[in-house]
Amino acid sequence: MRVSGPILVLFLTLTAGSAAQWSQVPEINNLVCDKTNDQQALCAIPDGYGGTFVVWEDSRNSANGVDLYAQRLSASGATVWNASGIEICGGEGAQRRPSLAPDGAGGVIV
């Protein structure tokens, strides 16, 4: 069987572009947050586009207590927001026990 040039090039282009960034090694996880201190009580929900919203308790600003931070991972496993996540709820005192619900428009309610 002979494969023509344009079909082979198209196949190679499609397969090269679909390479995911999700780690295939169990000992190497995808980055959700690059900050130190204690990140705990993780909660996640699909974003409806193959990716994931993740929210967690974070004590990086421990003088204020525990705050809530979030990250969005794309369908390929790449972080969509900045590498340390975005602050969802800060302020004085502890912000605890996050839960998530889809907003019906491609976003999430925390």
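The preceding data block contains the structure.
Fair warning: this is a prediction, and the values are worked out from it, not measured in the lab.

Remarks on the overall build of the protein chain
- Across its full length, the protein chain carries 1 helix and 6 strands.
- Looking at the protein chain residue by residue over its 110 residues, the buried ones come to 27%.
- Considering only residue pairs separated by 6 or more positions, the protein chain has 42% of its internal contacts joining residues 24 or more positions apart.
- Here the protein chain has roughly 7200 Å² of accessible surface; of this, 57% comes from carbon and sulfur atoms.

A few points about the pairing of strand S3 (residues 67-73)
- Counting buried residues in S3 gives 7 out of 7 residues, a clear majority hidden from the surface.
- What you see with S3 is no split at all: Asp-67, Tyr-69, Gln-71 and Leu-73 on one side and Leu-68, Ala-70 and Arg-72 on the other are buried throughout.
- Where strand S2 (residues 52-58) lies against S3, 7 bridges are found, and the strand directions are antiparallel. Looking at S3, one finds that Phe-53 is bridged to Arg-72.

Concerning the pattern of salt bridges
- For the structure shown, the criterion picks out 3 salt bridges.
- The shortest N-O distance in the salt bridge between Arg-72 and Asp-47 comes to 3.1 Å. On the criterion of sequence distance, the pair formed by Arg-72 in strand S3 and Asp-47 in the loop between strand S1 (39-46) and S2 is long-range, its members being 25 residues apart.
- Using a relative accessible area of 19% as the deciding quantity, one classes Arg-72 as buried.
- Residues Asp-58 and Arg-60 are paired through a salt bridge, measuring 2.8 Å at the closest nitrogen-oxygen approach. Comparing Asp-58 with Arg-60, the two get one shared label, buried.

Side note on the sheet that holds S3
- The sheet built from 4 strands is open, its strands ordered S1-S2-S3-S4 with antiparallel pairing. Whereas interior strands pair on both sides, the edge strands pair on one side only; in this sheet they are S1 and strand S4 (86-89). Pairwise comparison of adjacent strand axes, ignoring direction, gives a mean angle of 30° for this sheet.

Remarks on the side chain of Glu-57
- For Glu-57, the position within the fold is in strand S2.
- Owing to a relative accessible area of 5%, Glu-57 belongs among the buried residues under this scheme.
- Within the structure, the side chain of Glu-57 is placed 2.9 Å from the side chain of Arg-96, a separation counted as a polar contact.
- If we ignore the near neighbours within four places in the chain, the residues touching Glu-57 are Asp-38, Gln-39, Gln-40, Ala-41, Val-66, Asp-67, Leu-68, Gln-95, Arg-96, Arg-97 and Pro-98.

Here we look at the nonpolar core
- Formed by Cys-43, Ile-45, Phe-53, Val-55, Ala-70 and Leu-100, the largest nonpolar core amounts to 6 residues.
- Listing elements by their share of this core, those giving two or more residues are S1 and S2.
- With near-sequence residues (within four places) excluded, Ile-45 lies in contact with Thr-52, Phe-53, Leu-100, Ala-101, Pro-102 and Val-108.
- If you look at the next biggest cluster of nonpolar residues, it comprises 5 residues, including Cys-33, Val-54, Trp-56 and Leu-73.

Rules and cut-offs
- Per chain, residues are indexed from 1 in the order of the written sequence.
- Only residues with pLDDT of at least 70 are given local features in this predicted model, and only at 80 or more are side-chain atom pairs given and counted; all residues enter the totals for whole chains, interfaces and linings.
- Think of the side-chain values as coming from all heavy atoms in the structure, minus any hydrogens and water.
- Labels follow the DSSP assignment, with helices taken as runs of H or I lasting at least four residues and strands as runs of E lasting at least two, numbered in each case from the N terminus.
- Relative accessible area decides the class of each residue, using a 1.4 Å probe on protein chains only: under 20% of the type maximum gives buried, over 50% gives exposed, and in between gives partly exposed.
- In this description, contact between two residues means that some pair of their heavy atoms is separated by no more than 4.5 Å.
- All accessibility values rest on the Shrake-Rupley procedure with a 1.4 Å probe; residue burial counts only the protein chains present in the view.
- Two strands make a pair as long as DSSP finds a minimum of two bridges between them.
- By definition here, a salt bridge exists when the distance from a side-chain nitrogen of Lys or Arg to a carboxyl oxygen of Asp or Glu is within 4 Å.
- Only the stretch in contact is used when fitting a helix axis, every axis being a line fitted to C-alpha atoms; angles between N-to-C directions are given from 0 to 180 degrees.
- Polar contacts here mean pairs of N or O atoms no more than 3.5 Å apart (in protein, one a potential hydrogen donor and the other a potential acceptor; neighbouring residues in sequence count only if both atoms are side-chain atoms).
- Definition used in this section: a nonpolar core is a set of buried Ala, Val, Leu, Ile, Met, Phe, Trp, Tyr and Cys residues joined via side-chain atoms within 4.5 Å.

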